[in-house]
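Notes for the structure review
So you can see what is in the structure, the chains are spelled out below.
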Amino acid sequence: MKKNLYRWLRVCLAVLLIPSIGWTQSVVITGRVTGAADNAPLPGTSVSLKGTTTGTTTDAEGNYRLTLANQANATLVISSVGYVAQEIAVGNQSVINAALVVDSRQLDEVVVVGYGTVRKSDLTGSLAQVKAKELNAFPATNVLQALSGRAPGVQVTQNTGAPGAGISVRIRGTNSIQGSNEPLYVVDGFPTSGSNPTIINNTDIESIEILKDASATAIYGSRGANGVVLITTKQGKSGKMQVDYEGSYSTQTLRKKLDLMNAREYATFYNEQATTDKVTPYFTQAQIDGFGEGFDWQDLIFRKAPMQTHNLTISGGNEKTRYSVGGSIFNQQGIVIGSDYKRYSLRANISSDVSRKLNLSYGATLTKITTSRQNSGGGNRGGSLISAAISAPPTLTPYNEDGSYRVLATAYPFISNVLTNPLNYIYQSSDDVDANRVLANAALTFKPFDGLAIKISGGIENSDDRTDSYTTTKFVNSQGSASVSTSRGMSLLSENTISYIKTIAVKHSISAVAGFTYQDFLSKSLNASGVGFLSDITETANLGSAATPGIPGTGYSLSTLLSYLGRVNYSYNNKYLATISFRADGSSKYSEGNKWGYFPSGALAWRVSEEEFMKNVPFITDLKARASWGLTGSQAIGAYATLNNLSAGKTVFDDALYNTFAPGTQLPGNLKWETTEQTDFGIDAGFLSNRFRLTLDYYIKHTRDLLNTVQLPSGFGFTSTIRNVGQIQNKGLEIGLEARILDKAFKWDVNGNISFNRSKVVKLNGGQDILGGSVGVTLISDAANLLREGQPMSVFYGYVENGYTEQGKVKYVDQNGDNVINQLDKTIIGNPNPDFIYGFNSAMSFRGFDLTFFVQGTQGNNLVNVSSINNTLDYGFGLNMPREVLYNHWTPTNTTAKYPVISRANSYNYSDRFVEDGSYLRLRNIQLAYNLPLQKMGVTWMRTAQVYASGQNLLTLTKYSWWDPETNSQGGANSIGQGIDHYSYPTSKSVTFGLRVGF
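Residues numbered from 1 in each chain as written. Predicted model: local features only at pLDDT ≥ 70, side-chain atom pairs only at ≥ 80, totals over all residues. Heavy atoms only, no water.

**Some remarks on empty space enclosed by the protein**
Let me state the cut-off plainly: Think of a 1 Å grid over the protein atoms and nothing else: a 1.4 Å probe that fits but is trapped marks a cavity, an open set flanked by protein within 12 Å on at least five of seven lines marks a pocket, and residues with an atom within 4 Å of a point count as lining. Grid points are joined across faces, edges and corners, and a volume is the space filled by probe spheres set on the points. Numbering goes from the N terminus for both helices and strands, where a helix is a DSSP run of H or I of at least four residues and a strand is a run of E of at least two. Each residue is assigned to one of three groups, with Ala, Val, Leu, Ile, Met, Phe, Trp, Tyr, Cys and Pro labelled nonpolar, Asp, Glu, Lys and Arg labelled charged, and all others, Gly among them, labelled polar.
Applying the stated criterion to the full structure yields six cavities of 30 Å³ or more. Listing elements by their share of the lining of the largest cavity, those giving two or more residues are strand E11 (154-158), strand E12 (167-171), strand E37 (746-763), strand E46 (836-846), strand E47 (849-859) and strand E48 (862-865). The dominant element in the lining of the largest cavity, judged by the number of residues it contributes, is E37, at five residues. In the lining of the largest cavity, the residues fall into 14 nonpolar, 25 polar and four charged. Approximately 330 Å³ is the volume found for the second largest cavity. In terms of lining residues, the second largest cavity is bounded by 26 residues, among which Pro139, Gln145, Gln158, Asn953 and Ser988 are the most central.

Right, dumping it as structure tokens:
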């Protein structure tokens, strides 16, 4: 009896202990948290056990690992600011993934920053984001074209309208005189060495983040002074394989023609010039009457040109491995005959979780670019393609009766001797570029425990370019000339970082990153040429057949950059935020004692809307105040600028030729880094459940120790040296606004931005002015731009006109009252810097239809119309001109005319006559799209299908008299010559039809 009772008690005790035994067995839950809309990882997301303080946060890839004491009846709470929290019962699961839906009341996103990601709500610095949908709104040869007007504080200018032409980007103004003013471009974490990311196709990009203030850019140290553009390409996502295709076809045309004189007007005009100059008129009245309208040379060189794009992306994967592979073709024929731009690219991104602790990733982009150039900018009196097309007499046709090219330079006795038939440039000369680009990087990420990640990555950027230029023996006055130039650039990168993210007691969140990087930059070049060919058959394929070979030249440059970096982000209760970063850069370019530069930054942010006293302000959904300070830098010199370089030469001794080396003409200097100190104050606000969002930033930038070439006294032995000579200030205000106007069946979203920047030259070497840009035509030769203490950057400097003399010649203001017009009478005559730049985008949708339009513009900036110097004032050389010159020039009865007396005896100075208002408002893009209702149609093998029609540059409102106000002929990364139009290739307008489908 006792035995049975004892056995029964043992069984009951075991039954009672089973739950407690199970409770003491710990289980490990792992998973990944992403955004439901785009499947992008959500770092810093809170994952906790409901009703307890047990919890963790996701890492940079959205992964988490949580140990639970018991799995039974456990519920996970997964929450992230800006997303709807999820509660998930654990049950028997060991892997729990979550896709969080954006909270319409708290719109927030994860954005890319230097060496990591962060929630937009946790940003302490100034950052602008442009997403893939905006970047792909219209076809563009360069992704930077799509940035124009999209982000506050970012000014994008297309130097010319030629296919593949250079783009100038300025973030918060110009910072350097001699160094580059372009931002640093970082593609998938690789800081590229090129000034423009032409390697990337627009449709391959997921998003672009633009880092503007020092808190955001200081992590890039000596390359962050001009801002940083982070480009993230599309990554693979777990799930079924998806195939996406987008194709478009565009027709481009000249935006507008110049209103030039017809044949009758041309002949009348030059007869009047002959009468004024007391020579025999060139044309009889019978000839004038018989000319009619004459020949339109603009129609000869400009055409309707097609442009087409094809892009295919395949993506997918599972929880272990994800991939995204894409290929694209971009083919643009230019509106000038003989010009084109073609790009072929392949891209692959692969990420694989080898284990729970180890991840391998690889990304590569291969691009081939071919360009046939007919830009022919610049020129004088018809000596370039664009100049010739404007200047050629409408009384003449391009062909003789026998079909040969007409020689314009000898057609009339009064005509320019350099005026060339445009057919020569189009068909008898070529300038072709063949470029290959490779950008590849790989990374290994090891996570020994929750929150800690060690990343070792490396990459290579390689470019190989070859330019073949040939002028045939059929080109007027040509014996045949050829030149070939090749260049190779290679950059190797090694980055090694360790990052840590931790939440302590729920309210304290810390994330940190530290590391060291190494990057080198190698460039090589080779060029050769020859003149005098018996045949055009070989063109540039056999330079040895030239009668006069040119002297070949080579170039070589190697520099390295070693860096140490660190950043700490701290957040208390999602309310008080702080960021501290530091970077030390050591460059081989600088002399001993100055090779290292140190770039600290700090930022604070306060989410005011999280305070209790704001809870009773219902219309304010989110309010954050930011303040930051930091130092960034610029290298601004070549690889060997601080060394005493020797120049090769030849000399003769006793009738023998010897090779020599001698010191160069530039004295090496003991140089320091250019350093930019920036302070930023900002506000981010959301109203009415974030239906309206406002971003506002005020900044002040001081760039000191500016590097520039300084002339040395004669007899010094050296002609120049480079010195740290001055200081520049930029300050401004940026405003961005997003609004969800309607959110019912009819949806309407708008966003706009406006930016004001004021630059000032604070200090220069000895107070001496620096000249930049040029007005280089025979009639006038002068510097166009000026840097002067107390003035904005690159102002226009010349003479001021003061009406006409009694003979109808131009008079100039005697600024100093000495009754002599000379250099002392020059003054500031214009400013290429706009008062403000702006952009506005509207997107509406209803029952499958989408209508978007985007306008962009500048206000208050001036342009120097160098093109108009020859073609409105150079009266003695038979050049065609705008019609208004004939009808509005000085006569004894019209003394206030726009143009002076028609006489070849006139002389001119660079004056305010040529400075025009360059302000414009442009309808950059308008698109109507229809999304096919696939489900209603019973189509299950397609995810999405959209057809669209769009127009680019269809409307431009401007007072500028020439082809296009968006031009910068002498612009470039390190150019202070700004706002100059010298026979630039015109910008086109286009109509596009396209298709976007997903399978």
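**Points about the side chain of serine 250**
We count it as follows: Only protein chains enter the accessibility calculation, which uses a 1.4 Å probe; a residue whose area is less than 20% of its type maximum is buried, one above 50% is exposed, and one in between is partly exposed. Only heavy atoms matter for contacts: two residues are in contact if any of them lie within 4.5 Å across the pair.
As for its placement among the helices and strands, serine 250 is situated in strand E17 (residues 239-254). Exposure remark for serine 250: the relative accessible area of 1% places this residue in the buried category. With residues near it in sequence (within four places) discarded, serine 250 still touches Pro139, Ala305, Pro306, Met307, Val991 and Thr992.

**Description of the packing of aromatic side chains**
As a reminder of what qualifies: The aromatic pairing rule takes the rings of Phe, Tyr and Trp, using the six-membered ring of Trp, and pairs them if the centres are within 6.5 Å, calling planes under 30 degrees apart stacked, those over 60 edge-to-face and the rest tilted. Distance and angle both matter: a charge sits over a ring if NZ of Lys or CZ of Arg is within 6 Å of the ring centre and within 35 degrees of the ring normal.
Throughout the structure, instances matching the rule amount to 31 aromatic pairs. An angle of 80° between the planes, with centres 5.0 Å apart, marks the rings of phenylalanine 269 and tyrosine 270 as edge-to-face. On the basis of relative accessibility, which here comes to 0%, the residue phenylalanine 269 falls in the buried class. Residue class for tyrosine 270 comes out buried when judged on its relative accessible area of 0%. A network of ring pairs unites the aromatic residues Tyr266, Phe269, Tyr270, Tyr282, Phe283, Phe291, Tyr412, Phe414 and Tyr875 as a single cluster. Seen from the ring of phenylalanine 854, arginine 150 lies directly overhead, with NZ or CZ sitting 3.8 Å from the centre. Against the face of phenylalanine 877 rests arginine 381, its NZ or CZ located 3.6 Å from the ring centre.

**A few points about the side chain of asparagine 226**
Stated formally: Here a polar contact means two N or O atoms within 3.5 Å. Within protein one must be a hydrogen donor candidate and the other an acceptor candidate, and residues neighboring in sequence count only if both atoms are side-chain atoms.
Summarising the element assignment, asparagine 226 is placed in the loop between helix H3 (214-217) and strand E16 (228-233). When its relative accessible area of 7% is taken as the criterion, asparagine 226 is described as buried. Engagement of the side chain of asparagine 226 in a polar contact is seen with the side chain of asparagine 175, the distance being 2.8 Å. A polar contact of 3.2 Å, which involves the side chain of asparagine 226, links it to the backbone oxygen of glutamate 182. If we skip the residues at most four places from it in the chain, asparagine 226 touches Ile171, Asn175, Ser180, Asn181, Glu182 and Pro183.

**A short note on the sheet that holds E48**
Our working definition: For two strands to count as paired, DSSP must find a minimum of two bridges between them.
A sheet is described by the order of its strands in space; here three strands give the open sequence E49-E48-E52, paired in mixed fashion. The open sheet terminates on both sides in strands that have one partner only, identified here as strand E49 (915-917) and strand E52 (980-981). As paired elements, E48 and E52 share two bridges and run parallel to each other. Of the residues in E52, the one forming a bridge with valine 864 is isoleucine 980.

None of this, on its own, says anything about what the molecule does.
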